[in-house]
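Understanding the architecture of this molecule
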Amino acid sequence: MKIIHIVRRYGPVGGMERYVWELTHELAKLGHQIQVLCEYCAAEKPQGIAVHELGKMVYRPRWFYYWRFGRRVARWLRTYPQPGWLIHSHERVGIHQITTFHGPPFASVRERPWWKKVSLRVAMQLYMERRELRIPQSIVPNSRIISHQLTHYYPEYAHKLSSPIVPGVLSGVMRIAHKIPADGGIIGFIGKEWRRKGLPLAVEIVAQLRRTRPQLEIWVVGPEAQEIQHLFADWQGGYRLLGWRSDREYLQQIDVLLHPAKAEPYGMVISEAMAACVPVVVSDRCGATDQIEADSGSDLIADTFHR
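Here goes a summary of the coordinates provided. Because the structure is a prediction, the values reported are computed rather than measured. (Residues numbered from 1 in each chain as written. Predicted model: local features only at pLDDT ≥ 70, side-chain atom pairs only at ≥ 80, totals over all residues. Heavy atoms only, no water.)

Let us now look at the packing of helix α2 (residues 62-79) against helix α3 (residues 120-134). Interaxial distance between α2 and α3 falls to 9 Å at its minimum, and their mutual angle equals 35 degrees. For the crossing formed where α2 meets α3, the hand is left-handed. Residues R62, W63, Y66 and W67 of α2 form the contact with α3, whose participating residues are L120, R121, M124, Q125, Y127, M128 and R131. (Axes fitted to C-alpha atoms, helices over the stretch in contact; angles between N-to-C directions. Helix = DSSP H or I, 4+ residues; strand = E, 2+ residues; numbered from the N terminus. Left-handed = near helix turned anticlockwise from the far one by under 90°. Contact = heavy atoms within 4.5 Å.)

Note that F232 resides in the loop between α6 (225-228) and β11 (239-243). Spatially, the C-alpha atoms of F232 and A207 are 9.6 Å apart, while their sequence positions differ by 25 residues. Residue contacts for F232: discarding those within four places in its chain leaves V203, I218, V220, Y239 and L241.

Attention shifts here to the packing of aromatic side chains. Per the stated rule, a full pass over the model turns up 11 aromatic pairs. With 4.4 Å between their ring centres and 20 degrees between their planes, F232 and Y239 make a pair best called stacked. Assessed through its relative accessible area of 2%, F232 is described here as buried. In this structure an aromatic cluster arises from ring pairing among Y59, Y65 and Y66. If you follow R110 out to its NZ or CZ, it ends over the ring of Y154, 5.0 Å from the centre. (Phe/Tyr/Trp six-rings, centres within 6.5 Å; stacked < 30°, edge-to-face > 60°. Buried < 20%, exposed > 50% of the residue type's maximum accessible area, 1.4 Å probe, protein only. Lys NZ or Arg CZ within 6 Å of the ring centre and 35° of its normal.)

Within a beta sheet, neighbouring strands are joined by backbone hydrogen bonds and run either parallel or antiparallel to one another. Taken together, 6 strands build an open sheet; the order of strands is β5-β3-β1-β6-β7-β8 and the sheet is parallel. The two strands at the open ends of the sheet, each matched to only one other strand, are β5 (49-53) and β8 (138-141). Each strand axis lies, on average, 20 degrees off the axis of its neighbour in the sheet, ignoring direction. In this structure, strand β7 (residues 98-101) lies alongside β8, joined through 4 bridges in parallel fashion. Following the sheet pairing, F101 is matched in β8 by P141. (Pairing = 2+ DSSP bridges.)

Next up on the list: the state of the cysteines. Note on terminology: disulfide describes a covalent bond linking the sulfur atoms of two cysteines. Scanning the model with the defined rule gives 0 disulfides in all. No disulfide involves C38; its nearest neighbouring cysteine sulfur is the one of C41, lying 5.7 Å away. On the basis of relative accessibility, which here comes to 13%, the residue C41 falls in the buried class. (Disulfide = S-S within 2.5 Å.)

For N142, the position within the fold is in the loop between β8 and α4 (144-153). On the accessibility criterion, N142 (4% relative accessible area) is buried.

A surface patch of nonpolar side chains, about 440 Å² in accessible area, is lined by W114, W115 and V118. Within the fold, W114 resides in the loop between β7 and α3. Overall, the relative accessible area of 60% leaves W114 in the exposed class. (Patch = residues over 30% accessible without salt bridge, like charges linked within 9 Å, V, L, I, M, F, W, Y side chains within 5 Å. Areas by Shrake-Rupley, 256 points an atom, 1.4 Å probe, with all protein chains shown as cover. Salt bridge = Lys/Arg side-chain N within 4 Å of Asp/Glu carboxyl O.)

Shape is all these values report; function is a separate question.
Below is the structure:
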């Protein structure tokens, strides 16, 4: 099969991007012909996959950035027609047969007060999202939560929805077995979008736990230290801010992953932690909760986990 994948950043630089990176590699290994249309390639270009970079653009305003990327994709396909190729998009474009939906629908804005909806930004985001769903023959949600949200906000396209296809997980890193001190341990938080993923709540939880376990630590992976240092203004040690890490070696040392996200379409870090035999405690707003088994961890209901 001949397949063109569309993604803005091609490389293992985020949850959605890793999904596309791994998917295209595995499809190529199976003998399919693969091309990738992207803004830029964020890693060394893989052999056997034709990568076409359309050029970096100014990111703000976001809606205009998405619009310009879609226009560049359409222009490239007009200039270099690809008859016989299946176009699989992961972005807000309008020239594809399949789209994989990686995040919560923007259409949730409909539930906000009217004065928060009257803007060009909102109108364009809604237009591009509906176009993404209207054009293709098939819509692939990456979790059950996303499937339910799409059905709720776009019931007219529910018949196009496939069963969710969740991200795969790389194996290799395993937690080192060790005895956890009664007064300590290491809780891990992972995520660059730290507000949405619930870091302030995680910090508060660990602070409360340190009253009875004074040697307990929280390790934060993802955001740069200067972004979040203020959350630890009253702390005297007990935390490590590791910044962005491309490796997963820290999973060998943390004792539990705490992921109290307000909204998480999937949550690759949850699956990666479980694959490394790290227990997890997450909110029920995470798509990956469907993959949590009793011996791996638990998800907590939103009423008790969110305020």
